[in-house]
Amino acid sequence: MYRAFVGPFDSAVILTVTIKDASKWWHILNDTPIWQDRIFHGLAVLYGLVAIVAMMQLVRIQQRVPEYGWTTQKVFHFLNFVVNAVRCLIFVFRRDIQHLKQEILQHILLDVPSLAFFTTYALLVLFWAEIYYQARAVSTDGLRPTFLTVNGIIYAIQIALWLAIWWKPGRIMVILSKMFFAGVCLFAALGFLLYGGRLFLMLQRFPVESKGRRKKLQEVGYVTSICFTCFLIRCVMMCFNAFHSVANLDLLEHPVLNLIYYLLVEILPSALVLFILKKLPPKRGINQYQNIR
C-alpha cells in the first residue's frame, strides 16, 4: 500500500495555485459588467430592505404613542430610513453618478450618507450618556447642545473640505477628506466604547436581578460591540482607502470591495441594531417615551 505525502514544496505550490484562482475570480467579478450589476443591485436591495424595516418600526412606534412628537427613538429610526434609502438610490443610479462631470458631486453623494450614518448612531451615544449621568445624579443639560455642536463642527469641516476639493482638485485634498472622516469614525467608536461600556458596567453592578435588567444589559452589550466594531473597521478601511489605490471604494472600480465594505460597516450593523432595538415603547409612562429600545 502506497501513501502520497505532501511536502512543503507541494504545499507552497497548492497555496500559490489557490491564490491565483482567487485572484482570477476577484478580477472576473470586478471587471465583468454583468457581475458589477449583480453586486450593486444586491447592495441596493439590501439597503432597501433595511430602509423598509426602519420605516415600519417608525410607523409602529407612531401608532403606539401618537400623542408624542419626535422622540429620540423616532428620530433614530427615521435617520436609519433616510441613510439606507439614499444608499439604495446611489447604488441603483451608480452609473449616472460615476459619469457626473463634476467629481466633487461624486464625493458629496458618497460622503453625505456616511455623515448621516454617524449622526444616526451618535444618537445612541447621546442617549446612553444621558442615562449614565442621570443615574449618577449629574446634570445632563449640556449633553444635547454638545451633541448638536459636535455634529455642526463635523459637517462644517466636511463642507469646507468639499469646497477645497472643488476649488483646487488634487490628491492631497481627497486624502485629507478621507482621513478626516476616518478620524470621525474613530471618535464614534471611542464614544460607544466609553459610554456603552460605562452603562454596561453600571447595569452589571445594579443590585436588582430581573429579566428586564438582564435583557437591557445584553442589549447595551450587543449594540456597543456591534457599533464599536463597525466604526473601527470603517476607520481602518478609510485610512487604507486614502493612501492605497487597491482599497479604492469608487463605485465601479472595486465592486467586490464595495460589497464587503458596505456589508460590514453599514448593512449588517444597521440590521442587527434594528433587530436588537425592535421593542416598542409601553403605551403608558411619559418618562419612557424618550428611550431608544
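Given the structure is predicted, the values throughout are model-derived calculations rather than measurements. (Residues numbered from 1 in each chain as written. Predicted model: local features only at pLDDT ≥ 70, side-chain atom pairs only at ≥ 80, totals over all residues. Heavy atoms only, no water.)

A. Region of the structure containing the nonpolar core. Counting residues in each nonpolar core, the largest one holds 64 residues, and the members touching the most others are F76, Y121, L124, W128, F192, F231 and V273. Contributing elements (two or more residues each) for this core: α2 (33-64), α3 (72-92), α5 (103-135), α6 (143-167), α7 (171-205), α8 (211-243) and α9 (255-276). Among the elements that take part in this core, α5 stands out by supplying 16 residues, more than any other. (Core = buried A, V, L, I, M, F, W, Y, C linked by side-chain atoms within 4.5 Å. Buried < 20%, exposed > 50% of the residue type's maximum accessible area, 1.4 Å probe, protein only. Helix = DSSP H or I, 4+ residues; strand = E, 2+ residues; numbered from the N terminus.)

B. Molecular detail of the UniProt feature "transmembrane region" (unreviewed entry) in the chain. Here, UniProt's "transmembrane region" (unreviewed entry) annotation points to residues 39-59, 75-94, 114-133, 145-167, 179-201, 222-247 and 259-277. From the first C-alpha to the last, residues 114-133 spans 29 Å; its make-up is 100% helix and 0% strand. When the span residues 259-277 is considered, its composition is 95% helix and 0% strand, and the gap between its end C-alpha atoms is 25 Å. (UniProt positions renumbered as here; feature names shortened; annotations may be inferred.)

C. Main features of the pattern of salt bridges. Here the structure, examined in full by the defined rule, presents six salt bridges. One salt bridge connects R234 with E266, and the closest N-O pair in it is separated by 2.6 Å. Pair noted here: R234 is in helix α8 and E266 is in helix α9, with a separation of 32 residues, a long-range link. There is no split in this pair, since R234 and E266 are both buried. Residues joined by salt bridges that share partners form a network here, namely D37, R94 and R95. (Salt bridge = Lys/Arg side-chain N within 4 Å of Asp/Glu carboxyl O.)

D. Quick look at the packing of aromatic side chains. Taken as a whole and judged by the stated rule, the model has 13 aromatic pairs. Judged by centre distance (6.4 Å) and plane angle (70 degrees), the ring pair of Y47 and Y262 falls under edge-to-face. Within this pair, whereas Y47 is found in helix α2, its partner Y262 is found in helix α9, the two being separated by 215 residues in sequence. You'll find Y47 and Y262 in the same group, each marked buried. Seen from their ring centres, F117 and Y121 are 4.7 Å apart, and the 35 degrees between their planes marks the pair as tilted. In this pair, F117 and Y121 both sit in helix α5, four residues apart, roughly one turn of the helix. Classification of F117 as buried rests on a relative accessible area of 2%. (Phe/Tyr/Trp six-rings, centres within 6.5 Å; stacked < 30°, edge-to-face > 60°.)

E. Structural view of the packing of α5 against α7. Running from amino to carboxyl end, α5 crosses α7 at an angle of 25 degrees, the nearest separation of the two axes being 9 Å. Between α5 and α7, the angle falls in the class roughly parallel. Where α5 crosses over α7, the handedness of that crossing is left-handed. Of the residues that constitute the contact of α5 with α7, the class distribution is 20 nonpolar, five polar and two charged. (Axes fitted to C-alpha atoms, helices over the stretch in contact; angles between N-to-C directions. Parallel < 35°, antiparallel > 145°, perpendicular 65-115°, else oblique. Left-handed = near helix turned anticlockwise from the far one by under 90°. Nonpolar A, V, L, I, M, F, W, Y, C, P; charged D, E, K, R; others polar.)

F. Focus on unusual backbone geometry. Of note in the backbone geometry, A137 takes a positive phi value of approximately 60 degrees without being a glycine. Along the chain, A137 falls in the loop between α5 and α6. According to the relative accessible area criterion, A137 is exposed, its value standing at 71%.

G. Local environment of a nonpolar patch on the surface. On the surface, a cluster of nonpolar side chains totalling about 500 Å² of accessible area is made up of L186, L190, L193, L232, V236 and F240. Those elements giving two or more residues to the nonpolar patch turn out to be α7 and α8. Of note, V236 is situated in helix α8. (Patch = residues over 30% accessible without salt bridge, like charges linked within 9 Å, V, L, I, M, F, W, Y side chains within 5 Å. Areas by Shrake-Rupley, 256 points an atom, 1.4 Å probe, with all protein chains shown as cover.)

H. A look at the side chain of E266. Owing to a relative accessible area of 1%, E266 belongs among the buried residues under this scheme. A distance of 2.6 Å separates a polar atom in the side chain of E266 from a polar atom in the side chain of R234. Discounting chain neighbours no more than four positions away, the residues touching E266 are Y47, R87, S114, F117 and R234. (Polar contact = N/O pair within 3.5 Å; in protein donor to acceptor, adjacent residues only side chain to side chain. Contact = heavy atoms within 4.5 Å.)

I. Structural view of the packing of α6 against α7. One can describe the packing of α6 onto α7 by two numbers: an axis separation of 9 Å at closest approach and a directional angle of 165 degrees. It follows that α6 is roughly antiparallel to α7 by the angle criterion. Once α6 is placed against α7, the crossing between them reads as left-handed. Here V150, I154, I157, Q158, L161, A164 and I165 of α6 come into contact with α7, specifically with M173, V174, L176, S177, F180, V184 and F187. Class assignment of the residues belonging to the contact of α6 with α7 gives a composition of twelve nonpolar, two polar and no charged.

J. Expanded view of the state of the cysteines. Within the structure shown, the criterion is met by zero disulfides. With no disulfide of its own, C239 has C235 as its nearest cysteine by sulfur position, at a separation of 4.6 Å. (Disulfide = S-S within 2.5 Å.)

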